[in-house]
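Fold and geometry: a report
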Amino acid sequence: MQLDDILHINNCQADRSSLSTTPNAKTDLVNMNGPKHKFCTKLSSTYLRKWWITIVVAAALIIGGIVVACEFTVLIDAVVDRMVALRPGAKTFGWWAKPPVEPRISLYIYNVTNADDFLSNGSKAIVDEVGPYVYSETWEKVNIVENDNGTLSYNLRKIYSFREDLSVGPEDDVVIVPNIPMLSATSQSKHAARFLRLAMASIMDILKIKPFVQVSVGQLLWGYEDPLLKLAKDVVPKEQKLPYEEFGLLYGKNGTSSDRVTVNTGVDDIRRYGIIDNFNGRTHLPHWTTDACNTLAGTDGSIFPPHIDHDRILHVYDKDLCRLLPLVFEKEVMTSNEVPGYRFTPPEWVFADVDSHPDNMCFCPAGKPSCSPNGLFNVSLCQYDSPIMLSFPHFYLADESLRTQVEGISPPVKEKHQFFFDVQPKMGTTLRVRARIQINLAVSQVFDIKQVANFPDIIFPILWFEEGIDNLPDEVTDLMRFAEQVPPKIRVALIVGLCTLGVILLLLSTFCLIRNSHRQSTLHLEGSNYLATAQVDMNKKQNKDNQPARY
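The structure contained in this document is the topic of the report that follows. Because the structure is a prediction, the values reported are computed rather than measured.

1. Description of the nonpolar core
- Formed by 115 residues in total, the largest nonpolar core has its most connected members in Trp 96, Phe 455, Phe 460 and Leu 463.
- It is strand β17 (residues 429-443) that contributes the most residues to this core, eight residues altogether.
- Looking at which domains feed residues into this core, each of domain 1 (49-97 + 488-517) and domain 2 (101-472) gives three or more.
- Setting aside residues up to four positions removed in sequence, Leu 463 forms contacts with Leu 107, Tyr 108, Ile 109, Tyr 110, Leu 220, Leu 221, Leu 249, Ile 437, Gln 438 and Ile 439.

Below, the structure is given as structure tokens:
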């Protein structure tokens, strides 16, 4: 309200106060209803209207604070969704296509130190864990094609480079390990006709194939010429031939994969962000007995749908795992870059036997006899029927009897042998990974093949590895830290600011209205008294004037 208006109102109040003292009270009384009085009433009404408007503004500010408290997170989530979705040309797309990280894989090989005694005398096998042998990796998604249904297709290129400076020795280090091609063939022949087993024994005798091989670390990983595979190339029917002539645990993986992967971009549905749509044209694996166990609805492990909570189960698919691997929340973590994350690990039942976890029955394609022992997972259907069993390193979460079948394997330690992913929950980006897996060979004793007649039924450990990343570049973690820390602070500031300002204005306007109302009531009462007094005086004067004069 302007100073002039206040002065005018004060003048109006002064006029009312002087009503009973003016000589022409009657005239003044009439003037109280004249233009000047109407002007005074208008000023008073304007004064009240302004404070009522202030109350409305204060209420709007308080309501705005409440709306921010309830809906601000939704707005921020929408911004995050748009930012992380895989749109060609966007920064996050570039990070996804060519991750700005240096993954490493460290391998630990179980070197057999008493192979002759094990075969000749039936002694328990003794192994010596040798490692790590470390390789740095570069990942890049190539041949990327954007599809019309909100998906992207690509091939993955992985390049491995040996890091002798981080390893215990060169790739030329020699180790003695089970002959996987030979033992796979003999184990598969256990239920074949006897004459086939005898023929196989003769061939192996001619080729001088033995149950253990002495190879370099590089050969074991990247391939060496195996006489049995070379023979198979010539005698096995074309449709049953293996796609390689050499044997190596990482054979054919150093380069661009022929596998074509199609994933969801998350543009249309952020809940599908990074989820595999199909793998080589398949939406499900062909190996297992139910659709639930054959599903490919997981990610490659680098990204996950955002806004992750403790109850979410994440899923990772890798071709070599031969299945979708579930991950459950374990604990909250903080990275070295001060970025908070959630640690997800495989549940304890993931490789459990069917007696402990009946839902795993779907991974037994030939019924219960084909089920794996507790703590192992049979991937032979994905490895050309080679009896390969996966476990966690040192048989972590497996039966103790598996570890003690051989000597030299120390008890598992969670910190060294656990498989885990650390994930930034708001954006769904992987912060740190330790994908730890052990490769084992399930050997069956076959008496008709003399080379392995003394090789008992055993789960023989070959090697274990850990693949992963330690941290992300500052450019990425700065964005994550901003998304995690700044929006909550802005939200609190807006809530406090809007509500505080609203309450202050509400209290101030309410106080002024009450004060003005009290003043108006007082003036109204005083004005009424003045009018009544003036009217009495006028009546007395009129009566006096009307009385006859006395002489």
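2. Some words on the pattern of salt bridges
- One pass over the full model with this rule turns up 15 salt bridges.
- The closest approach of N and O atoms between Arg 163 and Asp 165, which form a salt bridge, is 3.0 Å.
- When its relative accessible area of 56% is taken as the criterion, Asp 165 is described as exposed.
- In this structure, Asp 470 and Arg 434 form a salt bridge, with 2.3 Å as the shortest nitrogen-oxygen distance. In this pair, Asp 470 is assigned in the loop between β18 (458-468) and α13 (474-546) and Arg 434 in strand β17, connecting sequence segments 36 residues apart.
- With relative accessibility at 42%, the residue Asp 470 sits in the partly exposed group.
- Arg 434 gets classed as buried once you look at its relative accessible area, which sits at 12%.

3. What to know about the pairing of strand β15 (residues 388-391)
- The two faces of β15 match: Ile 388 and Leu 390 on one face and Met 389 and Ser 391 on the other face are all buried.
- Strand direction decides the pairing type here: strand β14 (residues 377-378) and β15, joined by two bridges, are antiparallel. Residue pairing across strands places Phe 377 opposite Leu 390, the latter belonging to β15.
- Of the strand pairs in this sheet, β15 and β17 are connected by four bridges, and their pairing is antiparallel. Along β17, the bridge assignment pairs Ser 391 with Gln 438.

4. Topic: the state of the cysteines
- Applying the stated criterion across every chain yields a total of three disulfides.
- Here Cys 293 engages in a disulfide with Cys 362; their sulfurs sit 1.6 Å apart. Between Cys 293 and Cys 362, the S-S torsion sits near -55°, and that sign places the bridge as left-handed. Taken as a pair, Cys 293 in helix α10 (residues 291-294) and Cys 362 in the loop between β13 (340-345) and β14 lie far apart in primary sequence, 69 residues in all. As far as burial versus exposure is concerned, Cys 293 and Cys 362 are alike and both buried.
- What pairs with Cys 364 in a disulfide is Cys 371, and their sulfur atoms sit 1.9 Å apart. Negative torsions about the S-S bond denote left-handed disulfides, and the value of about 120° found for Cys 364 with Cys 371 makes this one right-handed. You'll find Cys 364 and Cys 371 in the same group, each marked buried.

What counts and what doesn't
Residues numbered from 1 in each chain as written. Predicted model: local features only at pLDDT ≥ 70, side-chain atom pairs only at ≥ 80, totals over all residues. Heavy atoms only, no water. Core = buried A, V, L, I, M, F, W, Y, C linked by side-chain atoms within 4.5 Å. Buried < 20%, exposed > 50% of the residue type's maximum accessible area, 1.4 Å probe, protein only. Helix = DSSP H or I, 4+ residues; strand = E, 2+ residues; numbered from the N terminus. Domains from an automatic or database assignment. Contact = heavy atoms within 4.5 Å. Salt bridge = Lys/Arg side-chain N within 4 Å of Asp/Glu carboxyl O. Pairing = 2+ DSSP bridges. Disulfide = S-S within 2.5 Å.

The values are spatial; any link to function lies outside them.
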